[in-house]
Every structure is written in structure tokens, then in C-alpha cells.
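# Summary of the model geometry
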Amino acid sequence: MSITIEEIRFDEQGLVPAIIQDAATYEVLTLAYMNKESLQRTIDSGETWLFSRSRQELWHKGETSGNTQKVVNIKYDCDQDALVVLVKPQGPACHLGTTSCFEYSLYGEQTEMLPYTILHKLEEVIADREQTRPEGAYTTYLFEKGVDKILKKVGEEAAEVIIAAKNRDQDELQWEAADLLYHLLVLLREQKVELADVLGVLAKRHEEKRK
């Protein structure tokens, strides 16, 4: 069911809670609020616009810091009074410099990182290595050697995966598969392709097969 902004149930202050979520990892980045104008600006611009309750004004996420958020999808709940905004973040979501505003636990043990989240974190580290080129880092070495070296490593690691699988060695297979994924992420970065775009292809194929 598709609705319009006019059908969103804003509260008595004219606000609706908006959960900002990473579209690739599904990690909750922050909880914010939108009014009708900020929601419309978000839709029109494709980036998150929110309403500051403390300042009583609109604000464009990342306007000052540069940590903007490209909107992939906006969902609403069954009561039409809450939103989930799926985004591709261009940097930390929290003003403290952390990926998410929800970094701490009030109750229970600290949960482990979701399996697919580490791929996103690794992608961020590889991107940083490409930009900063820290001396002595292996990723720096790969980028400085160029695409031919990266391609060679991808091929070598793919061969190692095949050998581990043929040997029925699960520990070796896990290790070599991790190496292959890392080098593949380096290659994607060198080619200016984001992991989210690759995952998007998989998602599209999945949806097409379900039809």
C-alpha cells in the first residue's frame, strides 16, 4: 500500500519519529524527528532532512560535517505514525564521530557485530586506506601497485579457496574465503564500485526469481 505525505500521522507538535537505518547493514544509526517540510525535502533531495526539537528548526544531515545520508527508501509503520529511513551514509551518523548513536548497552551483554556489518566496516577501512595511504599498510601497498596486482591477488585467493574446498578443510576454507572477500573489496574500491551496489544486484535477482 502506498500513501502520501498527507496521510502520515504527525503528532500534536507536527512531528513523526524517524529511525535512520543503514541500508547495507541494517544497523540503526539514529532516532530523529521529521515534520512535513523536512520529510518533503528529504524526498525531493534524496538526502535526510530532519527537524531539531531543541533548536526548533530544519537541518540537513551532514550540511556542516559532510556526513550526508543518501536515502534509499522510506518506510512507514502500520499506524502511519513512524518512519524508517534507509540510507547510504557518507560518514559517521553520530555527532560524537561514531557510526551509530546507539553504541552502548543499558541492559544485557554487548551484542556481537552482525556478520554482514563487518563487510561494511571493512569497506570503510579500505576506502580510508586508499585516501590516506598509511605507510606500511598492506592495503596501501595494493593500491600503490595498482589494478594488475590487485587482480592477481584476487585470482590467487580464488585458487586458494578452490584448493581448500577440494581438500575438505573447513578451517582453511574459512581463512581463504576471508582473504578472497578482502581482496575483492579492494578491487571494488579500485573500480569505484560500492558493496551496496553489488548487494543490490543480488537483491534484484532475488526479487525477480520470486515473481
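Residues numbered from 1 in each chain as written. Predicted model: local features only at pLDDT ≥ 70, side-chain atom pairs only at ≥ 80, totals over all residues. Heavy atoms only, no water.

Attention now moves to the overall build of the protein chain. Along its length, the protein chain carries six helices and six strands. When its helices and strands are written in sequence order, the protein chain yields β-β-α-β-β-β-β-α-α-α-α-α. Projected onto its principal axes, the C-alpha coordinates of the protein chain cover approximately 65 × 45 × 40 Å. Residues counted as buried form 32% of the 211 residues belonging to the protein chain. (Helix = DSSP H or I, 4+ residues; strand = E, 2+ residues; numbered from the N terminus. Buried < 20%, exposed > 50% of the residue type's maximum accessible area, 1.4 Å probe, protein only.)

In the structure shown here, the tally under the stated rule is ten salt bridges. Of the charged contacts, one joins Arg129 and Asp128 as a salt bridge, the two residues approaching to 3.7 Å between their closest N and O atoms. For Lys153, the salt bridge identified is with Glu156, shortest N-O distance 3.3 Å. Here Glu156 and Lys153 lie together in helix H4 (residues 147-166), a separation of three residues that amounts to about one turn. Via salt bridges that share partners, Lys88, Glu194 and Asp197 belong to a single interconnected network. (Salt bridge = Lys/Arg side-chain N within 4 Å of Asp/Glu carboxyl O.)

On to the pairing of strand S2 (residues 28-34), then. Where strand S1 (residues 16-22) and S2 come together, six bridges link them in antiparallel fashion. Of the residues in S2, the one forming a bridge with Pro17 is Tyr33. The antiparallel hairpin formed by S1 and S2 contains five residues in its connecting segment, where Tyr26 sits at a positive phi of about 65 degrees. (Pairing = 2+ DSSP bridges.)

A separate point is the UniProt feature "domain: Phosphoribosyl-AMP cyclohydrolase" (unreviewed entry) in the protein chain. Mapped onto this structure's residue numbering, the UniProt feature "domain: Phosphoribosyl-AMP cyclohydrolase" (unreviewed entry) falls at residues 31-103. End C-alpha atoms of residues 31-103 are separated by 13 Å, and the span's content is 14% helix alongside 37% strand. (UniProt positions renumbered as here; feature names shortened; annotations may be inferred.)

We now examine the state of the cysteines. Taken as a whole and assessed by the stated rule, the structure comprises zero disulfides. Cys94 takes part in no disulfide bond, and the closest cysteine sulfur, belonging to Cys101, lies 3.8 Å away. Relative accessible area serves as the criterion here: at 7%, Cys94 is assigned to the buried category. (Disulfide = S-S within 2.5 Å.)

On to the side chain of Ser100. In this fold, Ser100 is placed in the loop between strand S6 (83-89) and helix H2 (117-132). On the basis of relative accessibility, which here comes to 0%, the residue Ser100 falls in the buried class. Engagement of the side chain of Ser100 in a polar contact is seen with the backbone oxygen of Val28, the distance being 2.6 Å. One polar contact links the side chain of Ser100 to the main-chain carbonyl oxygen of Leu29, over a distance of 3.4 Å. With residues up to four places along the chain from it excluded, the contact list for Ser100 reads Glu27, Val28, Leu29 and Cys94. (Polar contact = N/O pair within 3.5 Å; in protein donor to acceptor, adjacent residues only side chain to side chain. Contact = heavy atoms within 4.5 Å.)

Counting 16 residues, the largest nonpolar core has Ile20, Met34, Leu83 and Val85 as the members making the most contacts within it. Of all the elements in the fold, those that place two or more residues in this core are S1, S2 and S6. Filtering out sequence-adjacent residues up to four positions away, Ile20 remains in contact with Glu27, Val28, Leu29, Thr30, Thr48, Leu50, Gln69, Val85 and Val87. Membership of the second largest hydrophobic core comes to eleven residues, among which are Ile126, Ile150, Val154 and Leu187. (Core = buried A, V, L, I, M, F, W, Y, C linked by side-chain atoms within 4.5 Å.)

Running from amino to carboxyl end, helix H3 (residues 138-145) crosses helix H5 (residues 170-190) at an angle of 45 degrees, the nearest separation of the two axes being 11 Å. Classified by the angle between their axes, H3 and H5 sit oblique to one another. Considering only the axes of H3 and H5, their crossing is right-handed. Here Tyr138, Thr139, Leu142 and Phe143 of H3 lie close against H5, whose contacting residues are Tyr182, His183, Val186, Arg189 and Glu190. Among the residues making up the contact of H3 with H5, the classes are represented as five nonpolar, two polar and two charged. (Axes fitted to C-alpha atoms, helices over the stretch in contact; angles between N-to-C directions. Parallel < 35°, antiparallel > 145°, perpendicular 65-115°, else oblique. Left-handed = near helix turned anticlockwise from the far one by under 90°. Nonpolar A, V, L, I, M, F, W, Y, C, P; charged D, E, K, R; others polar.)

Residues at a pLDDT of 70 or more form 96% of the protein chain, whose mean pLDDT is 92. Considering each helix and strand of the protein chain separately, the mean pLDDT is smallest for helix H6 (residues 195-210), with a value of 84, and largest for H4, with 98. (pLDDT = per-residue confidence, 0-100.)

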